[in-house]
Each structure stands twice: as C-alpha cells, then as structure tokens.
Amino acid sequence: MTATEAPAPPAGITVPGRVRPPGRRVASRGWRLVGYAVLAASAAALLLPFYWMVVSSLKTNNDVFTIPITWLPDPVVWRNYLDIWQRSEMTTWLGNTLLLSVIVTLLQVFTGSFAAYGFARVRFPGRNLLFLAYVGTIAVPWQSYMIPQFILMSKLHLSNTLWAIVALQAFGAFGVFLMKQFYETIPEELSESARVDGLTEFGIYRRIMLPLSRPALASLTLLTFVTTWNDYLGPLIYLRSPELRTVQLGLRTFISQYNAEYALIMTGSVLSVLPVAVIFLLGQRYFVEGIASTGLKG
C-alpha cells in the first residue's frame, strides 16, 4: 500500500462521504418494495374475512352465500342494523357481555399483577416450584376438568348466574406469567431503596410497580377483555336463562331447525366486533410495547 492509498474501512462500517454504488441502492430499494408488497398482501388476506362479514351484513339473507361471491352488496340492505335491535334482545346481550368482560378483566388484572409481584419480588421457600406448577396449569385443557368444575359450581348454587363466569375467570395463570416477566425487567434497586425508606411491600406494589407496568397492564387488560368478550363455551354451559345470554349465545338464536338468518348473524357479528376493535385501536401502542417488553426478555 502506497502513501497515497487510504486503508480500507472495516466490514460493516460506513465511512462518511463514501457513496453507496447505484446498483446496490437499487437492489436495496427493490427488496424493500418486495417486503412492503408481502406485508400488504398478508394484511389484505387477514382483513378479507372481516370485509366479507361487513359486506354480508348489508345483504339480503338469500344473497349471503351466493356463488360466485358478490363482494359489493346490491342492493345495500341498511335495514338489517335496525331489524336486529327490533327482533332480538341485542341490548341485553351486549349489556351482559360488557358486564362480564369488565368485571373479569378488572379481577384478572388485579389478581394477576398482585400474585406476579409475590413471585417476582418476595423471597420464600419453594417459590420457583410453586410458580412452575401454577404456570403449568396453562397446558391443561379446560375440557379435562370442565365437568368437575360444573359440579362444583352447581354445589355452590352459582350455576345459571353471571357469578359462575366471574368465579371461573377471575384468576388466570397467563396474567401472572405475563406480569412476572415484566416485573423482572424493573431494577431491583428501586424496591430496595423503597424498603430502606420504610415502604411496605404493598406500598412498593402500589406506588412503584404498578405505575411502571402500564404497558404490561394494558396488554393483559386487552387480552383478557377480548377473551371474555368472545367466550362462547363458558356461557353456553352455565347461562341457561334467556335474560342472561351474552351476545355470542344470542346470535345462536337466529339459527333454527330449518332456517338460519345469516344476514342478521353477520350484522350482530359486526356489532360485537366493534367494541373490541375500538378498545384495541385506543390501546394498541401500550399493547405492542407490553408484548415486546415481556416477550423479548431472556
């Protein structure tokens, strides 16, 4: 190497003033466009069933399953959104579903975050073994203990009441796991400093851990709310009175032995999806942040 020649920069380091070759810029831009096209196609494929549901809610009942599929309703039947309120107890169904979702979500967020703090910050014998056993219940399918659980609820006289669903879903191992993973990302020094200042464990949980855990709390809130809102099997087993039906059970009434009003079913499905969509849009930033911060921890 002569005195006039500059040494080559290390691999992966860009020297200021050095321009990337035009061919490499074009190739990089081409791959980026391909990535955008794949993402757009994937998003369209995921949204296609929801689009078909909305379109079907604006059709007549005979036009819902026509072949070939008509992607634009002709004519547009706006009256479906009026008929479903007049021909069903949609207000009662949505009210019961909202009540259950809110109560179960509040209880799961409280119990999950509180128990997770004990597993993450309180030292006691057998803590890791107890946590492993508790989280292991996630792998047990509900169908394996569904009958004993129903017998227990019947013995407690909670069957055919909304309290049966609340009692069954107020505690969840997934929420404890999610919150514990997030708590462990918070420096232990904060808790130690609070203890030195005389703050109790309850005070540390309420004043330090909860304010710092908003992303994880938002994620747990959204996941629990959506799961409870969309639950069908639980209400089907425990809620038998018509005045206790949730929106999922209520939509089942549009299917009779010889006929099914698919247009009204799609209309009710749209109405049931709207609250969940609005909640997700309002809390998506915290949801993504909470999932990223709890799921990437090694």
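Residues numbered from 1 in each chain as written. Predicted model: local features only at pLDDT ≥ 70, side-chain atom pairs only at ≥ 80, totals over all residues. Heavy atoms only, no water.

K.L.:
Where do I start with the overall build of the protein in this structure?
P.N.:
When helices and strands are counted, the protein shows 13 helices and zero strands. Reading the protein from its N end, one meets helices and strands in the order α-α-α-α-α-α-α-α-α-α-α-α-α. Burial analysis of the protein (298 residues in total) assigns 36% to the buried set. In the protein, the proportion of contacts linking residues at least 24 apart, taken out of those at least 6 apart, comes to 71%. Accessible surface for the protein amounts to roughly 18700 Å². Of this, 68% is attributable to carbon and sulfur atoms. (Helix = DSSP H or I, 4+ residues; strand = E, 2+ residues; numbered from the N terminus. Buried < 20%, exposed > 50% of the residue type's maximum accessible area, 1.4 Å probe, protein only. Contact = heavy atoms within 4.5 Å. Areas by Shrake-Rupley, 256 points an atom, 1.4 Å probe, with all protein chains shown as cover.)

K.L.:
Got a minute to help me understand the nonpolar core in this structure?
P.N.:
Ranked by internal contacts, the top residues of the largest apolar core, which has 21 residues, are Tyr 117, Met 179, Tyr 183, Ile 204 and Met 209. When contributions to this core are tallied by element, the ones reaching two or more residues are α3 (90-121), α4 (127-136), α7 (173-183), α9 (201-212) and α10 (214-230). Residues in contact with Tyr 117, not counting those within four places in the same chain, are Val 122, Tyr 183, Arg 195, Glu 201, Ile 204, Tyr 205 and Met 209. Core analysis: the next-biggest nonpolar cluster, separate from the first, contains 13 residues, Trp 93, Leu 94, Ile 265 and Leu 271 among them. (Core = buried A, V, L, I, M, F, W, Y, C linked by side-chain atoms within 4.5 Å.)

K.L.:
Any chance you could explain the packing of aromatic side chains here in plain terms?
P.N.:
Where two aromatic rings form a pair, the distance of their centres and the angle of their planes describe that pair. All told, the structure shown has 13 aromatic pairs when counted by the stated rule. When the ring of Trp 52 is compared with that of Phe 65, the centres are 5.8 Å apart and the planes differ by 50°; the resulting orientation is tilted. Of this pair, Trp 52 sits in helix α1 (residues 22-56) while Phe 65 sits in the loop between α1 and α2 (80-86), and the two are 13 residues apart along the sequence. For Phe 65, a relative accessible area of 47% puts it in the partly exposed group. In this structure an aromatic cluster arises from ring pairing among Phe 110, Phe 114, Tyr 117, Tyr 183, Phe 202 and Tyr 205. Across the ring face of Phe 131, the terminal group of Lys 180 is positioned such that the distance to the ring centre comes to 4.6 Å. (Phe/Tyr/Trp six-rings, centres within 6.5 Å; stacked < 30°, edge-to-face > 60°. Lys NZ or Arg CZ within 6 Å of the ring centre and 35° of its normal.)

K.L.:
Got a minute to help me understand the packing of α3 against helix α6 (residues 162-169) in this structure?
P.N.:
Relative placement of two packed helices is described by the angle separating their axes and the distance separating the axes. Relative to each other, α3 and α6 sit at 30°, their axes nearing to 9 Å. It follows from the interaxial angle that α3 and α6 lie roughly parallel. Both α3 and α6 take part in a crossing whose hand is right-handed. Only Leu 162, Ile 165, Val 166 and Gln 169 of α6 make contact with α3, whose side of the interface consists of Asn 96, Leu 99, Leu 100, Ile 103, Val 104, Leu 107 and Gln 108. (Axes fitted to C-alpha atoms, helices over the stretch in contact; angles between N-to-C directions. Parallel < 35°, antiparallel > 145°, perpendicular 65-115°, else oblique. Left-handed = near helix turned anticlockwise from the far one by under 90°.)

K.L.:
So what exactly am I meant to see when it comes to the packing of helix α8 (residues 188-196) against α9 here?
P.N.:
α9 packs onto α8 with a crossing angle of 145° between their chain directions and a minimal axis gap of 10 Å. The hand of the α8/α9 crossing is right-handed. On the side of α8, the interface is formed by Leu 190, Ser 191, Ala 194 and Arg 195, while α9 contributes Glu 201, Ile 204, Ile 208, Met 209 and Leu 212. Here the contact of α8 with α9 is composed, by residue class, of six nonpolar, one polar and two charged. (Nonpolar A, V, L, I, M, F, W, Y, C, P; charged D, E, K, R; others polar.)

K.L.:
Help me out: how do you make sense of α4 in this one?
P.N.:
Because an α-helix completes one turn every 3.6 residues, residues spaced three or four positions apart along the sequence face the same direction. Along α4, the residues that are buried comprise Arg 127, Phe 131 and Val 135. What you see down the axis of α4 is that its buried residues fit within an arc of 60°, all on one side. For α4, the exposed residues lying more than 90 degrees away from the buried face are Leu 129, Leu 132 and Ala 133. For α4, the elements touching its buried residues are α3 and α7. (Arc of directions from axis to C-beta.)

K.L.:
I'm lost on the confidence of the model for the protein in this one. Help?
P.N.:
Any residue range with low pLDDT should be treated as having predicted coordinates unsuitable for detailed reading. Per-residue pLDDT for the protein averages 82, and the proportion of residues at 70 or more is 86%. Averaged over each element, pLDDT in the protein is lowest for helix α13 (residues 262-295) (77) and highest for α3 (91). (pLDDT = per-residue confidence, 0-100.)

K.L.:
What is the right way to read the environment of Ser 241 from this model?
P.N.:
Among the structural elements, Ser 241 can be located in the loop between α11 (233-238) and α12 (247-252). Note: C-alpha distance between Ser 241 and Thr 161 (80 residues apart in sequence) is 8.6 Å.

K.L.:
Any chance you could explain the pattern of salt bridges here in plain terms?
P.N.:
Side-chain pairs of opposite charge can arise where the charged atoms are in close proximity. In total, this model carries seven salt bridges according to the counting rule given. In this structure, the salt-bridge partner of Arg 195 is Glu 192, at a minimum N-O distance of 3.4 Å. Within this pair, Arg 195 and its partner Glu 192 are both found in helix α8, separated by three residues, close to a single helical turn. Beyond isolated ion pairs, a larger network of salt bridges with shared partners links Arg 121, Glu 188, Glu 192, Arg 195 and Glu 201. (Salt bridge = Lys/Arg side-chain N within 4 Å of Asp/Glu carboxyl O.)

K.L.:
When you look at unusual backbone geometry in this model, what are you seeing that I'm missing?
P.N.:
In terms of backbone geometry, most residues other than glycine have negative phi values and most peptide bonds are trans. One non-glycine residue, His 157, adopts positive backbone phi at about 60°. Mapping His 157 onto the fold places it in the loop between α5 (146-155) and α6. Overall, His 157 belongs to the exposed group, its relative accessible area being 69%. The phi torsion at Asn 160 lies on the positive side, around 65°, for a residue other than glycine.

K.L.:
Explain the side chain of Ser 56 to me, please; I cannot follow it from the model alone.
P.N.:
In this structure, Ser 56 sits in helix α1. Residue class for Ser 56 comes out buried when judged on its relative accessible area of 0%. Contacts of Ser 56, omitting those with residues within four sequence positions, involve Val 64, Ala 263 and Met 266.

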